[in-house]
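Observations on chain architecture
Here's the letter readout for the chains.
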Amino acid sequence: MADIIIKNAYILTMDPDREDIENGVVVIEDGKIKEIGKSTESKADKEIDAGGNVVMPGLVNTHCHAGMTLFRGYADDMPLQDWLENHIWPAEAKVSDEDIYIGTQLACLEMIRSGTTAFADMYIHMDKVAQAVDESGIRAALSYGMIDFGDKEKADVELEEGSRFVREWNGKADGRITTMYGPHAPNTCSRDFLIRVKEQAVKDNVRIHIHVLETEAELNYMKEQFGVCSIHFLKDIDFWGDDVLAAHCIWLSDGDIKILAEHGVNISHNVTSNMKLASGIAPVAKLLAVGANVSLGTDGCASNNNLDMFEEMKTAALLQKVSIMDPTVLPARQVLEMATVNGAKALGIKSGMIKEEYNADLIIVDMNKPHLTPAYDIASHMVYAANGRDVKTTIVNGKILMENYEVRCLDEQSIIEKMKKTSKDLVSRINS
Ligand SMILES: O=c1[nH]cnc2c1ncn2[C@@H]1O[C@H](CO)[C@@H](O)[C@H]1O
Ligand SMILES: [Zn+2]
């Protein structure tokens, strides 16, 4: 007996070896996709009639600071350095475990509603992040964001906390939680520290999540300090590999692009955040052209200001086209691949395709909407016409987290109410 059978589905497989299936079925058992096709002999406790709607892999958000929903709209319209140093970091110094817990619950709620089934996070108070992820049913690759600013004592403390978190949570929540090391960036972490982090990550067999070349200021700083850019600097300390997830990667030379591709580095493109903070335009078309694994991320809610991966897909496609004045780059299917297949690869999870033996992480998109009618090309609609509010049903690890727009596991109204109260408390704490 299977657990769930979805019938009457337009299956956008995202499997390079398999075309989309119209009027198809998806059979789910033990958290995995057991069978897909035109019909099935299997029986299940639960049947879902997709009503001809789109069934596709859940989206993978490869760079987030989920708890930052706390700061949604808190400090807008300023450059990164001012934003971080004068607004976000002082505020983060005052947040509690409980604040991060509610912030992450809200983020999970928002992601489940908008079709994200897995995300990579780098933040603080990570035990609370992990608890919220565990309870929500979503999948995540979590890391504690470590910064040493060249202080040897701080480096020890940060690495100890990073390792404790890695050991404590890796593989938890039925395997939905994996962990990574999260050194913040090459200009906030010392050379020695980055070397130690890499060694420890290899030893623990977990991946690394880091910000790289988000700003021109970082590029200039690295050149002044070390005589090379961040990409060469990290190459020189043997940091690069397919175990690294590098967020942003904006200020790259053609040589840097080659290095990232050759080392199989996973890149997270955060287009909305990059536009909002005016950080710059990542050379995504060039990276993809040389075979680099580029995925998509929202970044935190203080620089986006939501977690809707559908918006991220559309904006990524449009910005790339206009910035190089070529409408043929980043076609819809390739952008969908970035948000699914490439994202899953970046996190090292067997998700991102509707395929036998893959994790049952999938969504149903409601096509019965004015803005999705008519539908000549489903992939085109997912990137250019749909948004997160069109997601009707979300399944992660074979569990239904939202059905027919109704979220389970999380109490939506109480989370919204709690966040309203928390945000008021937080502002008075920050200002006191
Ligand atoms: O776009 C960004 N660039 C650099 N740092 C960021 C960005 N967004 C959030 N953080 C910061 O990274 C740390 C992770 O633990 C947090 O301090 C968070 O505010
Ligand atoms: Zn970030």
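The structure presented is a predicted model; accordingly, all values stated were derived computationally and were not measured.

Moving on: the coordination of the zinc ion (ligand 2). Looking at the metal site, the zinc ion (ligand 2) is ligated by His63 (NE2), His65 (NE2), His211 (NE2) and Asp299 (OD), spaced 2.0 to 2.4 Å from it. Considering all 4 donor atoms around the zinc ion (ligand 2), angles at the metal cover 84 to 173° and the coordination shape is irregular. Coordination of the zinc ion (ligand 2) draws on donor residues from a single chain, spaced H-x1-H-x145-H-x87-D in sequence. Note that histidine 211 is positioned in strand 10 (residues 207–212) and aspartate 299 in the loop between strand 13 (293–296) and helix 11 (309–323), a separation of 88 residues in sequence. The exposure classification of histidine 211 matches that of aspartate 299, with both residues buried.

Generally speaking, nonpolar side chains in soluble globular proteins are found buried as a group. Within the largest apolar cluster, 122 residues are counted, with the highest numbers of intra-cluster contacts made by Phe71, Trp83, Phe119, Leu142, Trp240 and Met382. Tallying contributions element by element places helix 2 (residues 97–113) first for this core, with 8 residues. What phenylalanine 71 contacts, discounting residues up to four positions off in sequence, is Ile88, Ala91, Glu92, Val95, Tyr123, Cys301, Ala302, Leu426 and Ile430. Judged by nonpolar contacts, the second largest core, of 18 residues, contains Ile11, Ile33, Ile48 and Leu362.

What follows deals with the UniProt feature "binding site: Zn(2+)" (unreviewed entry) in the protein. Those places that UniProt annotates as "binding site: Zn(2+)" (unreviewed entry) correspond, in this numbering, to His63, His65, His211 and Asp299. These annotated residues cover 237 residues of sequence, but their C-alpha atoms sit close together, with the largest distance between any two at 11.9 Å. Mapped onto the elements of the fold, histidine 63 is located in strand 6 (residues 59–64). Among all residues touching histidine 63, those that are not within four sequence positions of it are Ala120, His209, His211, Ala247, His248, Ser268, Asn270, Gly297, Thr298 and Asp299. At a separation of 3.2 Å, a polar atom in the side chain of histidine 63 contacts the side chain of histidine 65. Leaving out residues up to four positions away in the same chain, histidine 211 has contacts with His63, His65, Met122, Pro183, His184, Ala185, Pro186, Ala247 and His248. Engagement of the side chain of histidine 211 in a polar contact is seen with the side chain of histidine 65, the distance being 3.4 Å.

This part takes up the UniProt feature "binding site: substrate" (unreviewed entry) in the protein. Under the feature "binding site: substrate" (unreviewed entry), the UniProt entry names Glu92, His184, Glu214 and Asp299. Relative to the helices and strands, glutamate 92 is located in helix 1 (residues 80–92). Judged by its relative accessible area of 14%, glutamate 92 falls in the buried class. Judged by its relative accessible area of 4%, aspartate 299 is buried. Residues within four places of aspartate 299 in sequence aside, it is in contact with His63, Cys64, His65, Glu214, His248, Asn270, Ser273 and Leu307.

In this section: the site of ligand 1. Taken together, 16 residues form the shell around ligand 1, and within it Trp89, Glu92, His184, Glu214 and Asp299 come nearest. Tryptophan 89 is positioned with one of its side-chain polar atoms (N or O) 2.9 Å from an oxygen atom of ligand 1. Measuring from a nitrogen atom of ligand 1, one finds a side-chain N or O atom of histidine 184 at 2.8 Å. For the shell around ligand 1, the elements supplying multiple residues, two or more each, are helix 1 and strand 7 (116–123). Take the shell around ligand 1: its biggest share by element is 6 residues, from helix 1. The residue inventory of the shell around ligand 1, partitioned by class, reads 8 nonpolar, 5 polar and 3 charged.

Attention shifts here to the packing of aromatic side chains. Summed over all chains, the structure comprises 4 aromatic pairs. With centroids separated by 5.5 Å and ring planes inclined at 50°, the aromatic side chains of phenylalanine 71 and tyrosine 74 adopt a geometry described as tilted. A relative accessible area of 1% means that phenylalanine 71 is categorised as buried. Residue tyrosine 74 is classed as partly exposed on the basis of its relative accessible area of 32%.

It is at 7 Å that the axes of helix 11 and helix 13 (residues 378–385) come closest, and there the two elements cross at 90°. One finds that helix 11 runs roughly perpendicular with respect to helix 13. On helix 13, the residues touching Phe310, Met313, Lys314, Ala317, Leu318 and Lys321 of helix 11 are Met382, Val383 and Tyr384. Of the residues assigned to the contact of helix 11 with helix 13, the class counts are 7 nonpolar, no polar and 2 charged.

Quick look at the domain arrangement of the protein now. By the assigned domains, the protein splits into domain 1 (2–57 + 360–407) and domain 2 (59–347). Together domain 1 and domain 2 conceal approximately 2,300 Å² of surface at their shared face, both sides included; 64% is due to carbon and sulfur atoms. Among the residues of domain 1 in contact with domain 2, Met14, Val383 and Tyr384 are the three that bury the most area, contributing 29% of the side total. At the boundary of domain 1 with domain 2, the tally comes to 2 salt bridges. The salt bridge involving aspartate 20 is made with arginine 333; its shortest N-O contact spans 2.7 Å. Inspection of the domain 1/domain 2 interface yields 8 residue pairs in polar contact (both at pLDDT 80 or more). Listing elements by their share of the side of domain 1 that touches domain 2, those giving two or more residues are strand 5 (54–57), strand 14 (362–365), helix 13, strand 15 (391–396) and strand 16 (399–403). Residue contributions to the side of domain 1 that touches domain 2 peak at 5 residues, all from helix 13. Per-class residue counts for the side of domain 1 that touches domain 2 are 19 nonpolar, 5 polar and 2 charged.

Reading guide: rules and limits
- Residues numbered from 1 in each chain as written.
- Chains lettered and ligands numbered in written order.
- Predicted model: local features only at pLDDT ≥ 70, side-chain atom pairs only at ≥ 80, totals over all residues.
- Heavy atoms only, no water.
- Donors = N, O, S within 2.8 Å, 3.2 Å for Na, K, Ca; no water.
- Tetrahedral: all angles 85-135°; square planar, octahedral: opposite > 155°, others 65-115°.
- Helix = DSSP H or I, 4+ residues; strand = E, 2+ residues; numbered from the N terminus.
- Buried < 20%, exposed > 50% of the residue type's maximum accessible area, 1.4 Å probe, protein only.
- Core = buried A, V, L, I, M, F, W, Y, C linked by side-chain atoms within 4.5 Å.
- Contact = heavy atoms within 4.5 Å.
- UniProt positions renumbered as here; feature names shortened; annotations may be inferred.
- Polar contact = N/O pair within 3.5 Å; in protein donor to acceptor, adjacent residues only side chain to side chain.
- Near = heavy atom within 4 Å.
- Nonpolar A, V, L, I, M, F, W, Y, C, P; charged D, E, K, R; others polar.
- Phe/Tyr/Trp six-rings, centres within 6.5 Å; stacked < 30°, edge-to-face > 60°.
- Axes fitted to C-alpha atoms, helices over the stretch in contact; angles between N-to-C directions.
- Parallel < 35°, antiparallel > 145°, perpendicular 65-115°, else oblique.
- Domains from an automatic or database assignment.
- Buried area = accessible area lost by both parts, 1.4 Å probe.
- Salt bridge = Lys/Arg side-chain N within 4 Å of Asp/Glu carboxyl O.

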